[in-house]
Amino acid sequence: MTEQELLRRESLAKLREMGIEPYPAELFEVTAFASDITANYQEEVLEDGTKNRLNYQEVSLAGRIMASREAGKAMFMNLQDSSGRIQLYVRRDDFLEGDEAPMFDTVIKKLLDLGDYVGVKGYAFKTKTGEVSVHVQSFKFLAKALRPLPVVKKDAEGHIFDAFTDPEQRYRMRYVDLTVNPQFKEIFLKRTKMIKTMRNYLDELGLLEVETPILQPIHGGAAARPFTTHHNTLDMTLYLRIANELYLKRLIVAGFDGVYEFAKMFRNEGMDRTHNPEFTALEFYVAYKDYFWMMDVTEKMLERVARAVNANGSSKVTVGENQIEFAGPYRRLTMYEAIREYTGIDVEKADEAELRSYCRKEHIEIDASMGKAKLIDEIFGEKVEEHLIQPTFLIDYPVEMSPLTKKHRSAAGLVERFELFVNGKEVANAYSELNDPIDQRERFEDQLRLAARGDEEAMAMDEDFLRSLEYGMPPTAGIGFGIDRLSMLFTGQSSIQEVLFFPQMRPEVNG
RNA sequence: GAUCUCGUAGCUCAGUCGGUAGAGCACUUGACUUUUAAUCAAGGAGUCAUGGGUUCGAGUCCCAUCGAGAUCACCA
């Protein structure tokens, strides 16, 4: 244990010796918040020059002591509660009688440490320098801190000194991070506001919020490597879901007109600044609709989210150098048009050999197993994606890449699918759902052939899902949003770890 | 998975050519009854990520391991 930790344990013991409980059980009534007092405190100056304090004259607030300045027989402290910080003024003369005699010199001055949770009662006033403060008249320990917090200081111009910045420590000890870097709370508040806005919107559309299995016997609905686990009683392998799509569609079969789920997904793949092994998706499916309807809904929902997340209600969000306009309508571009626009290639006419030679010329990594559809996808990823800064619907994909998507109503070889790109990244994937059970079975069989050729991401056959389609699924539009990616966008963060309270980390060596 | 960079006091960081481990804040003691990055005086605090190697001598050079970040590959 460090010197400072030992001293804090000694302080704790001394408090108990004095009959002061550092971790009291009873509630502490809070009647005011720091930011309300600093924002709304009022006083008037009378003709004789004395001040008349007008409000907050009996307040009770609780929080952590974050700074302390002794000034002789008085002390100034900064109390931080969930709303912000306020200065406390404590005077020796106020703690002289009876039991309270040692309160100032011994307890507050010596045994109180930075980081301790305390409750104070007193009245608001303005100091000589004009800072709204609370003159403390009673003082109570609510929880003693046995470890010192990093001390982050700020000067009058807002320059920060000794910021707690090590990302490893910030992510491992988010409780410390958010205590000393409260500005990061804003990211999480916005994330929650975003989710709440989406949920409200979907509820208004009349969709039903549902829950579907996380432990699945077949990991369907997406192309990814799953986490595997084992159920002892059933003695069977189960997978943590990589997607919930096939379950939500079963519910459409069941007769719900629209369902949605905010769902944790798990993918056993690489980690980097845009991938965490568990992440959140919003998926929703609506009967009797198609992907054009879904584009309209997406535009409306994201505009509403932008306006909710922005304090000023704007539909624009600044991400790095770019200002992104979330008010629709968004540009709609077919995949072939996009590639023609950014590369000049007409992929519709080009054959596989031509695409191959283009990729080689442009140093796009390809391998022999890739068919025409996969080559198109590679070219798109390398040449087009990064240019799609403003929200853009990329529509009509080759059928081979979309085994759960309905064939295009008019264009052969394509499916009715769109992905939404914002700031050069995919944030949503949607389609007119394939509801023809015979076609769906053939698509699964194609996937099995791909798997046999060594494609690890090919989808498995799901007989129960096919059975549900054979009972009849209405025409349906469906979409999935990457909630973490959207959070990054709406909060201007470039790392997924900044929008997750507890991003996955390797184990610490010495706890 | 690959490459590069980083790991020194509670926090933020210096540490030269390999020669006894440094600063600011925090902490301790004292002074100061409206301070605010409070100030002033004095003091304490280190498994230099871990393990090996080279060397008379390693925070520093070499190797391995662990952890983190960045870039790339894959994926959402």
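Residues numbered from 1 in each chain as written. Chains lettered and ligands numbered in written order. Predicted model: local features only at pLDDT ≥ 70, side-chain atom pairs only at ≥ 80, totals over all residues. Heavy atoms only, no water.

## Brief notes about the protein's contact with RNA strand B
Then, number 1: Near RNA strand B, the surroundings consist of 57 residues, among which Asp93, Thr129, Glu131, Glu168 and His275 are the closest.
Then, number 2: In the model, a base nitrogen of RNA strand B is placed 2.4 Å from a nitrogen or oxygen of the Glu131 side chain.
Then, number 3: Residue Lys154 places a main-chain N or O atom 3.2 Å away from a sugar or linking oxygen belonging to RNA strand B.
Then, number 4: Elements with a contribution of two residues or more to the surface near RNA strand B: helix H1 (3–17), strand S3 (59–71), strand S4 (74–81), strand S5 (84–91), strand S8 (153–154) and helix H4 (167–172).
Then, number 5: Top element by residues in the surface near RNA strand B is H4. It accounts for five residues. (Near = heavy atom within 4 Å. Polar contact = N/O pair within 3.5 Å; in protein donor to acceptor, adjacent residues only side chain to side chain. Helix = DSSP H or I, 4+ residues; strand = E, 2+ residues; numbered from the N terminus.)

## Observations regarding the sheet that holds strand S12 (residues 228–231)
In sheet architecture, strand pairing relies on hydrogen bonds along the backbone and comes in two forms, parallel and antiparallel.
Then, number 1: Across the sheet, three strands lie side by side as S11-S13-S12; this open sheet has antiparallel pairing. The sheet terminates laterally at strand S11 (215–216) and S12, the two strands that pair on one side only.
Then, number 2: Here two bridges tie S11 to strand S13 (residues 236–240), and the two strands are oriented antiparallel to one another. Across the sheet, Gln216 pairs through a bridge with Tyr239, a residue of S13. (Pairing = 2+ DSSP bridges.)

## Things to note about the side chain of Arg250
Then, number 1: Turning to its location among the elements, Arg250 is positioned in helix H7 (residues 245–253).
Then, number 2: Using a relative accessible area of 15% as the deciding quantity, one classes Arg250 as buried.
Then, number 3: Ignoring any residue separated from it by four or fewer positions in sequence, one finds Arg250 in contact with Asp462, Asp464, Phe465 and Ser468. (Buried < 20%, exposed > 50% of the residue type's maximum accessible area, 1.4 Å probe, protein only. Contact = heavy atoms within 4.5 Å.)

## A few points about the domain arrangement of chain A
Then, number 1: Along its sequence, chain A is carved into domain 1 (3–149) and domain 2 (185–330 + 390–499).
Then, number 2: Computed over C-alpha atoms, the centres of domain 1 and domain 2 are 50 Å apart. (Domains from an automatic or database assignment.)

## Quick look at the layout of surface pockets
Then, number 1: Space inside the second largest pocket adds up to approximately 540 Å³.
Then, number 2: Lining of the second largest pocket is provided by 22 residues; of these, Asn78, Arg85, Val152, Lys153 and Lys154 occupy positions nearest its centre.
Then, number 3: Of all the secondary structure elements, the ones that give two or more residues to the lining of the second largest pocket are S3, S4, S5 and S8.
Then, number 4: Top contributing element to the lining of the second largest pocket by residue count: S3, with four residues.
Then, number 5: Residue classes in the lining of the second largest pocket are distributed as 10 nonpolar, seven polar and five charged. (1 Å grid on protein atoms, 1.4 Å probe; cavity = no way out; pocket = protein on both sides within 12 Å on 5 of 7 lines; lining within 4 Å. Points joined across faces, edges and corners; volume = space filled by probe spheres on them. Nonpolar A, V, L, I, M, F, W, Y, C, P; charged D, E, K, R; others polar.)

## A few points about the pairing of strand S21 (residues 425–432)
In summary, the side chains of a regular strand alternate between the two faces of the sheet.
Then, number 1: Both strand S20 (residues 414–422) and S21 contribute to a ladder of six bridges, which runs antiparallel. Within the sheet, the bridge partner assigned to Leu420 lies in S21 and is Ala428.
Then, number 2: Where S20 folds back on S21, the antiparallel hairpin that results is connected by two residues, among which Asn423 adopts a positive phi of roughly 55 degrees.
Then, number 3: For S21 and strand S22 (residues 476–482), the ladder comprises five bridges, and the chain directions are antiparallel. The partner of Tyr431 across the bridge, within S22, is Gly478.

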